Amino acid sequence: MSHADILRLAARHRERLGDTLHDRVVEALYSEAGSIADKAVSREGQRSKWAFDLALDRILTSKTLGIPAMILLFGLAFWITIAGANVPSAMLGDLLTVKVLGWLQAMAAAMGAPAWLSGFLIDGVYLSMAWVIAVMLPPMAIFFPLFTLLEDFGYLPRVAFNLDRAFSKAGAHGKQALSMMMGFGCNAAGVVATRIIDSPRERLIAILTNNFSICNGRWPTLILVGTIFIGATAPAALASLVAAGSVVLIALLGVIFTLLVSGALSKTVLKGETSAFTLELPPYRPPRVLQTIYTSLLDRTMIVLWRAIVMAAPAGAVIWLISNIDVSGQSIAYWVVSALNPFGLLVGLNGIILLAYIVAIPANEIIIPTILMLTLNLSKSALAQKGVMLELEENQVRDVLVGQGGWTLLTGINLMLFSLLHNPCSTTLLTIYRETGSKKWTFVAAALPIVLGLAVCFLTASFFRLMGWV
Amino acid sequence: MTVDQTQKACGGCTSCAPGRLERYGLATAGADYVVALAGNPNTGKSTIFNALTGLRQHVGNWPGKTVVRAEGGFSFDGRRYRLIDLPGTYSLLSNSSDEEVARDFLLFGQPDVTAIVVDASSLERNLNLVLQVLEITDRAVVALNLIDEAERNGITVDDRALARDLGVPVVPMAARKSKGIKDFLQTLAGVASGEVVCRPKRVERFDAEVERAVNDLVRALHENYPGLPNARWVALRLLEGDPSVVHEVQNGTLGEAAHGHRPDAEVALA
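Keep in mind it's a predicted model, so treat the numbers as computed, not measured. (Residues numbered from 1 in each chain as written. Chains lettered and ligands numbered in written order. Predicted model: local features only at pLDDT ≥ 70, side-chain atom pairs only at ≥ 80, totals over all residues.)

Asks: Tell me about the overall build of chain B, residues and numbers included.
Replies: Per the secondary structure count, chain B includes 11 helices and nine strands. Considering chain B as a whole, with its 270 residues, one finds that 46% of them fall into the buried category. A fraction of 69% describes how many contacts in chain B between residues 6 or more apart in sequence connect residues 24 or more apart. (Helix = DSSP H or I, 4+ residues; strand = E, 2+ residues; numbered from the N terminus. Buried ≥ 20, exposed ≤ 12 C-beta atoms within 10 Å, placed from the backbone. Contact = placed C-beta atoms within 7 Å.)

Written out as structure tokens, the structure reads:
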């Protein structure tokens, strides 16, 4: 028998055994290891710590309760965030967008600054930064420490464990659950984290689908829109609970899209075998509360906020410029929004939202402030003529969007969906290009979610129209 | 009692003569035996590696891989050893580059002894790797490490029962407290010189369909490469389509693994 014959024989057997060989071999090894270990190991006493871990894992990683427990835990975190962010958000809004703004405008007037300069700097650059802070800081300052506490407690590997079965069904690597979790913080970081996946095929799937993890820049948008559009439809007592539920639902939808798209990719353009890996569940540790709050405020909240502010300043300038430079009697923003409006309304969004997503390509954090500024600048309302004075209380955000922007419940829902399903921010795209070294895959990473997002929004809008809700 | 007196008092007894370990650090040339150090991550593998070789060690990458490779030398009882630290892995079955490196070195580097470091507190998980290593090589020592931690958690491991079931020597250790290092070295020396003969446990209980395929391939392998020591493992790897094993079969170089050291084993090491 020649060498080639041996290989042919192996290939024939491999085909017959199918995909299950690996699992069957691993299973045989595990049962052997288990029976040897059982004979050699004896345990007594002092098991309290382990018993606690085991009992907890029996719930948190159980086949039936694991996923509901996960939804419940994250739901709780969002609910605390939404319920707790209301008051400080209103206070910050009042301080930055009313008091400080008024003070700045008074100062500019006293110095005799020309209207275009003070408009550009105060109504453009300053106001967009102020809104970013007022909208984003309170929810971030509550949500990030909560998330870090869960991380510190040792919960995140359990999430990966719970999701592993689903990922392997989707033909993806189980470690993708980990890079996905990372993506819930920042997609660029999530894309880098896919380096832990060795198979290039599975890694590419993880990179292309990382954008379906809601990142830090998008949580505040979802939390805000969920509060003022979805939460508001429920009785006051349940409002924050319903709002939290809607955010969890969108995040879950993201996980579902991750799995569906991974599955679709691995069945079409990225075919191949699924590889196995071992995940160690570390012992639960009592979280170090004070240290966690301190570091998550410094490491996460401040860094994300700083990035948002840095991005918001030029965006504010751009918005002010396109709203104030007129071309044949109307502002540039007007022309662009008018051009985008028919398509925007068709998919249940509007021209302003689409323009905002173009302006906000560098950072998703500034979507809401951008939408607000564009809405106010474009509607020649009394409010806008007074300057862009607006107290950023949540009710008033709603008033502006519904009153001046003509938003409906559908617009709110679709903005949440589009926030989940649109192109990654420019930082993430750059990271994808660096990690894949391929323009083609970077383009796919950008185009795939947009196409999906527009399709999903259009379907939702069509459904609403069919039911006669709008 | 001084060292001198100890040596006098113990006379010719070789069981615990002190000071027979010399750490050579970087100097690995002219080694009599090659020892591979395998084990799960976080089992104290590096502690043992450092205890044997001293703090000076050669750290580089495995050829063509971004996997760190550390090696060092020591001498014990007048014999010189070259110690290769394999990447810490939970298994040898997946296609991660860590596991590939460890797997290929055990299969093609043909170390004289493979020491497998295991965590006594989570024996079952660690045994998965041990069983996989024992499928590849029959000269192995299990370092049952972290027994102090296991005891604190109320876990006792019967090392003799374990040795009987695995068919290779098992040495209880607490390397961080330098406990068991000497026993470990002695056992290593015994296995390397062939004084201690291992009869490693091989998993024989795959289901009938896999068994049939494996046996079929093993027959073909034995026909071509008489005396191949780990034909079952090679057969399994071929069934999984492992590219490096397929490559060896294509080249016909697999047979050299059957006859101890291969000429290019040293090249693979360098």
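Having seen the model, we can carry on.
Asks: Describe the overall build of chain A, naming the residues involved and giving the relevant values.
Replies: Of regular secondary structure, chain A possesses 20 helices and three strands. With 470 residues in all, chain A has 45% of them scored as buried. Long-range pairs, those at least 24 residues apart, make up 76% of the contacts in chain A with a sequence separation of at least 6.

Asks: So what's going on with the interface of chain B and chain A? Which residues, and what values?
Replies: A common measure of how large an interface is: the accessible area buried when the components associate. The partner chain A presents 38 residues to the 45 residues of chain B that form the contact. Of all elements in the fold, only helix H4 (123-136), strand E8 (155-157), helix H6 (159-166), helix H8 (208-224), helix H9 (231-240) and helix H10 (243-251) of chain B reach the threshold of two or more residues within the side of chain B that touches chain A. Per-element accounting of the side of chain B that touches chain A gives the leading share, nine residues, to H8 of chain B.

Asks: Just give me the short version of the pairing of strand E5 (residues 79-85) of chain B, but keep the residues and values in it.
Replies: Residues and elements named next belong to chain B. Extensive coverage of E5 is indicated by the burial of five of its seven residues. Of the strand pairs in this sheet, strand E2 (residues 33-39) and E5 are connected by five bridges, and their pairing is parallel. Among the inter-strand pairings, Leu 37 is bridged to a residue of E5, identified as Asp 85. Sheet analysis places strand E4 (residues 68-76) next to E5, joined by seven bridges and oriented antiparallel. If you follow Phe 76 over to E5, its bridge partner there is Arg 79. The turn linking E4 back onto E5 is made up of two residues, and Asp 77 within it adopts a positive phi angle of 60°. (Pairing = 2+ DSSP bridges.)

Asks: Account for the confidence of the model for chain A, naming residues and giving values.
Replies: All names here are of chain A. For chain A, the average pLDDT comes to 84, and 95% of its residues sit at 70 or higher. When mean pLDDT is compared element by element in chain A, helix H20 (residues 439-466) scores highest at 95, while helix H16 (residues 382-385) scores lowest at 45. Note that pLDDT drops below 50 for residues 381-391; the model gives that stretch 25 contacts with residues more than four away or on any other chain. (pLDDT = per-residue confidence, 0-100.)

Asks: Tell me about the nonpolar core, residues and numbers included.
Replies: Inside soluble globular proteins, nonpolar side chains tend to come together where they are buried. Ranked by size, the top nonpolar core spans 118 residues in total, and within it Ala 130, Val 132, Ile 133, Val 247, Ala 356, Ile 366 and Leu 374 of chain A carry the most contacts. With 19 residues, the top contributor of residues to this core is helix H5 (residues 115-153) of chain A. Residues contacting Val 247 of chain A, with those up to four places away along its chain left out, are Phe 78, Leu 222, Ile 223 and Gly 226 of chain A. Residues Ile 36 of chain A together with Phe 49, Leu 107 and Leu 134 of chain B belong to the second largest nonpolar core, which totals 86 residues. (Core = buried A, V, L, I, M, F, W, Y, C linked by C-beta atoms within 7 Å.)

Asks: Can you explain helix H18 (residues 409-420) of chain A? Please cite residues and give values.
Replies: For an α-helix the count is 3.6 residues per turn, leaving residues at separations of three or four pointing the same way. The end-to-end C-alpha separation of H18 of chain A is 17 Å, in line with the 16 Å expected for 12 residues at 1.5 Å each. Counting buried positions along H18 of chain A gives 10 out of 12 residues, so the element sits mostly inside the fold. (Expected span 1.5 Å × (residues − 1).)

Asks: Would you mind going over unusual backbone geometry in detail, with residue names and values included?
Replies: Non-glycine residue Ser 328 of chain A carries a positive phi angle of around 40°. For Ser 328 of chain A, the location among the structural elements is in the loop between strand E2 (326-327) and strand E3 (330-331). When the 5 C-beta atoms within 10 Å are taken as the criterion, Ser 328 of chain A is described as exposed. We note that Leu 146 of chain B has phi near 60°; this positive angle belongs to a residue other than glycine. As for its placement among the helices and strands, Leu 146 of chain B is situated in the loop between strand E7 (140-145) and helix H5 (147-152).

Asks: With reference to specific residues and values, describe the packing of H5 of chain A against helix H15 (residues 367-378) of chain A.
Replies: Residue and element names in this part refer to chain A. Where H5 meets H15, the axes come as close as 9 Å, and the angle between the chain directions of the two elements is 130°. The orientation of H5 with respect to H15, classified from their angle, is oblique. Of the two possible hands of crossing, H5 and H15 adopt the one that is right-handed. Here Leu 127, Ser 128, Trp 131, Val 132 and Val 135 of H5 come into contact with H15, specifically with Ile 368, Pro 369, Leu 372 and Met 373. Taken together, the residues that form the contact of H5 with H15 break down as eight nonpolar, one polar and no charged. (Axes fitted to C-alpha atoms, helices over the stretch in contact; angles between N-to-C directions. Parallel < 35°, antiparallel > 145°, perpendicular 65-115°, else oblique. Left-handed = near helix turned anticlockwise from the far one by under 90°. Nonpolar A, V, L, I, M, F, W, Y, C, P; charged D, E, K, R; others polar.)

Asks: Outline the environment of Ile 205 of chain A, supporting the account with residue identities and numerical values.
Replies: Residues and elements named next belong to chain A. Secondary-structure assignment places Ile 205 in helix H9 (residues 200-209). The class for Ile 205 is buried, based on 29 C-beta atoms found within 10 Å. Sequence separation of Ile 205 and Ala 264 is 59 residues, and the distance between their C-alpha atoms is 9.8 Å. Excluding its chain neighbours within four sequence positions, the residues that come into contact with Ile 205 are Ala 172, Gln 176, Ser 262, Leu 265, Ser 266 and Leu 270.

Asks: If you had to explain the confidence of the model for chain B to someone new, which residues and values would you point to?
Replies: Segments scoring low in pLDDT should not have their predicted coordinates read at a detailed level. All names here are of chain B. Looking at chain B as a whole, its pLDDT mean stands at 80, while 79% of the residues score no less than 70. When mean pLDDT is compared element by element in chain B, strand E9 (residues 170-172) scores highest at 96, while helix H11 (residues 263-269) scores lowest at 40. Confidence drops under a pLDDT of 50 for residues 1-12, and excluding neighbours within four residues, the segment shows six contacts in the predicted structure. Within the model, pLDDT remains below 50 along residues 258-270, and this stretch shows 14 contacts once partners closer than five positions in the same chain are excluded. Reported confidence for the predicted complex is 0.80 by ipTM and 0.62 by pTM.

Asks: Tell me what's going on with the pairing of E7 of chain B, and back it up with residues and numbers.
Replies: All names here are of chain B. Counting buried positions along E7 yields six of six residues, so the element is predominantly enclosed. As paired strands, strand E6 (residues 113-119) and E7 are joined by six bridges and run parallel to one another. The residue of E7 that forms the bridge with Val 118 is Leu 144. Viewed along the sheet, the connection from E6 through H4 into E7 turns out right-handed. As paired strands, E7 and E9 are joined by three bridges and run parallel to one another. From the neighbouring strand, Leu 144 faces E9, where its bridge partner is Pro 172. (Right-handed = clockwise from strand over helix to strand, strands pointing away.)

Asks: I'd like a description of H10 of chain B, backed by residues and values.
Replies: For H10 of chain B, the full list of buried residues reads Val 245, Glu 248 and Val 249 of chain B. The arc that holds the buried residues of H10 of chain B, viewed along the axis, is 100°, so those residues lie on one side. Among the exposed residues of H10 of chain B, those pointing more than 90 degrees away from its buried face are Pro 243, His 247 and Asn 251 of chain B. Of the surrounding secondary structure, the elements contacted by the buried residues of H10 of chain B are helix H1 (3-17) of chain A together with H9 of chain B. Just past H10 of chain B, the residue Gly 252 of chain B takes up positive phi, approximately 75°. (Arc of directions from axis to C-beta.)

Asks: An account of the packing of H1 of chain A against H8 of chain B is requested, with residue identities and associated values reported.
Replies: Across the interface, H1 of chain A lies against H8 of chain B with an axial gap of 10 Å and an inter-helix angle of 175°. Judged by the inter-axis angle, H1 of chain A sits roughly antiparallel to H8 of chain B. Contacts between H1 of chain A and H8 of chain B involve Ile 6, Leu 9, Ala 10, His 13 and Leu 17 of chain A from the first element and Glu 209, Val 210, Ala 213, Asp 216, Leu 217, Ala 220, Leu 221 and Asn 224 of chain B from the second.

Asks: Got a sec to walk through the environment of Leu 123 of chain B? Specific residues and values, please.
Replies: Structurally, Leu 123 of chain B is set in helix H4. On the basis of neighbour counts, which here come to 22 C-beta atoms within 10 Å, the residue Leu 123 of chain B falls in the buried class. Through-space distance from the C-alpha of Leu 123 of chain B to that of Ala 150 of chain B is 9.9 Å; in sequence the pair is 27 residues apart. Excluding anything up to four places from it in sequence, Leu 123 of chain B contacts Ala 37, Ala 40 and Val 41 of chain A together with Val 118 and Val 157 of chain B.

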